[in-house]
Amino acid sequence: MQELIEGVYKFRQEDFGHYRELFQRLSKKGQHPHTLFITCADSRVPAMLMTHSEPGDLFVVKNVGNIIPPSDLTHATNSTAAAIEFATGVLGVGDIVVCGHTQCGAMHALLDGEPKDSEMPHLGQWLRLAQPVRDTLAEHYLHLTDHEDRATAAAGENVRLGLKNLRTYPTVAKRLADGSLQLHGWMFKIATAEVFAYEPESGQFTPINHD
Ligand SMILES: [Zn+2]
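Residues numbered from 1 in each chain as written. Predicted model: local features only at pLDDT ≥ 70, side-chain atom pairs only at ≥ 80, totals over all residues. Heavy atoms only, no water.

Engineer: Mind showing me how you'd approach the overall build of the protein chain here?
Structural biologist: Within the protein chain one finds 8 helices and 6 strands. N-terminal to C-terminal, the α/β element order of the protein chain is α-β-α-β-α-β-α-α-α-α-α-β-β-β. Computed over C-alpha atoms, the radius of gyration of the protein chain comes to 18 Å, within 12% of the 17 Å expected from 2.2 N^0.38 for 211 residues, which places it in the range of a compact globule. Scored against the burial criterion, the 211 residues of the protein chain give a buried share of 39%. By sequence separation, contacts in the protein chain at least 24 residues apart represent 63% of the contacts at least 6 residues apart. With the model as given, the accessible surface of the protein chain reaches about 12500 Å², and the carbon-plus-sulfur share is 54%. With 18 positive and 26 negative side-chain charges, the protein chain shows a spacing of 6 Å between the two charge centroids. (Helix = DSSP H or I, 4+ residues; strand = E, 2+ residues; numbered from the N terminus. Rg over C-alpha atoms; globule rule 2.2 N^0.38 Å. Buried < 20%, exposed > 50% of the residue type's maximum accessible area, 1.4 Å probe, protein only. Contact = heavy atoms within 4.5 Å. Areas by Shrake-Rupley, 256 points an atom, 1.4 Å probe, with all protein chains shown as cover. Lys, Arg positive; Asp, Glu negative; His and termini not counted. Charge placed at Lys NZ, Arg CZ, Asp CG, Glu CD.)

Engineer: Got a minute to help me understand the side chain of Arg150 in this structure?
Structural biologist: Among the structural elements, Arg150 can be located in helix 7 (residues 147-166). Nearest to the buried, unbridged Arg150 among oppositely charged side chains is Asp112, at 7.7 Å. In this structure the side chain of Arg150 is engaged in a polar contact, spanning 3.3 Å, whose partner is the backbone oxygen of Leu144. In this structure, Arg150 is in contact with Leu111, Leu137, Tyr141, Leu142, Leu144 and Thr145, ignoring residues within four places of it in sequence. (Salt bridge = Lys/Arg side-chain N within 4 Å of Asp/Glu carboxyl O. Polar contact = N/O pair within 3.5 Å; in protein donor to acceptor, adjacent residues only side chain to side chain.)

Engineer: Which parts of the structure should I look at to understand a nonpolar patch on the surface?
Structural biologist: On the surface, Met1, Leu4 and Ile5 cluster together into a nonpolar patch covering about 360 Å² of accessible area. By the secondary structure assignment, Ile5 is in helix 1 (residues 2-29). Of the residues examined, Ile5 reaches a relative accessible area of 46% and is grouped as partly exposed. (Patch = residues over 30% accessible without salt bridge, like charges linked within 9 Å, V, L, I, M, F, W, Y side chains within 5 Å.)

Engineer: Would you mind showing me how to read the coordination of the zinc ion here?
Structural biologist: Octahedral metals with six donors have ideal donor angles of 90 or 180 degrees. Tetrahedral metals with four donors have an ideal donor angle of 109.5 degrees. Note on the zinc ion: its protein donors are Cys40 (SG), His101 (NE2) and Cys104 (SG). The metal-donor distances range over 2.0 to 2.2 Å. Residue classification places Cys40 among the buried positions, given a relative accessible area of 5%. (Donors = N, O, S within 2.8 Å, 3.2 Å for Na, K, Ca; no water.)

Engineer: Help me understand helix 3 (residues 79-91) in this model?
Structural biologist: Residues three or four positions apart in an α-helix share a direction because the helix packs 3.6 residues into each turn. Within helix 3, burial applies to Thr80, Ala81, Ala83, Ile84, Ala87, Thr88 and Leu91. Buried residues in helix 3 make contact with strand 1 (35-40), strand 2 (58-63), strand 3 (95-101), helix 5 (121-128), helix 7 and helix 8 (170-177). Measuring from the side-chain oxygen of the N-cap residue of helix 3 to the backbone nitrogen of Thr80 gives 3.2 Å; that N-cap residue is Asn78. Of the residues flanking the end of helix 3, it is Gly92, one or two places downstream, whose phi is positive at about 70 degrees.

Engineer: Can you walk me through the pattern of salt bridges in this structure?
Structural biologist: Opposite charge on two side chains permits pairing when their charged atoms draw close. Applying the stated criterion across every chain yields a total of 2 salt bridges. Linking Arg44 and Asp42 is a salt bridge whose minimum nitrogen-to-oxygen distance equals 2.6 Å. The class for Arg44 is partly exposed, based on a relative accessible area of 39%. Relative accessible area serves as the criterion here: at 14%, Asp42 is assigned to the buried category. Close ionic contact of Arg160 with Glu157 constitutes a salt bridge, the shortest N to O distance being 3.2 Å. Of this pair, Arg160 and Glu157 both sit in helix 7, 3 residues apart, which is roughly one turn of that helix. Judged by its relative accessible area of 34%, Arg160 is partly exposed.

Engineer: I would appreciate a short explanation of the nonpolar core in the present structure.
Structural biologist: Inside soluble globular proteins, nonpolar side chains tend to come together where they are buried. Membership of the largest hydrophobic core comes to 42 residues, with the highest contact counts inside it found for Leu36, Ile38, Ile84, Ile96, Met107 and Leu166. Top element by residues in this core is helix 7. It accounts for 8 residues. Apart from the residues lying within four places of it in its own chain, the contact partners of Ile84 are Leu36, Ile38, Ile68, Gly89, Leu166, Tyr169, Thr171 and Val172. One finds Val45, Leu58, Val97 and Ala197 within the second-largest nonpolar core, a separate group that totals 11 residues. (Core = buried A, V, L, I, M, F, W, Y, C linked by side-chain atoms within 4.5 Å.)

Scope: geometric values only; no functional claims are made or implied.
The following block contains the structure:
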């Protein structure tokens, strides 16, 4: 905790000057983020840093495994679904990025078998939403034997599943239909901070280049 407290102090002393006008403007005009950025709660995936974004740019949702539940999921208090509806129906973001990453603990847990419900019932139920990913791995990725390679493949499939599930939300479907919203699937490689974008035509993730 001491680290955090010192960080708060240091930010106010050393960095805030650079952001002062921006924060004042944001405070007066409210937020108009251009993108809903859904990624993993993993502490190594820094949404703002990796995209060189500023406060006010991204509406960030971080959850375990960047899992996107289908909109017909009922009997659940689901903050990710609420955030998707708010960002697309109220804030009017123009883009949604679903960003998975390498070395994802949630993907490892998914492939290794979920935690026991008696110990971590919420985590078990949450990971179960990504069961189709596990099925796809069992069906199409038997050639991958390395544990890490399988987790990376699962992370990619989980992004694809997330993009599919996003389309089940009425507010997303409406905005896709009128052309005011774009969906993007990304993968973040922790070791190099490289970002790969999913290309539906080829079914592959390719590095994001400046041009
Ligand atoms: Zn993760």
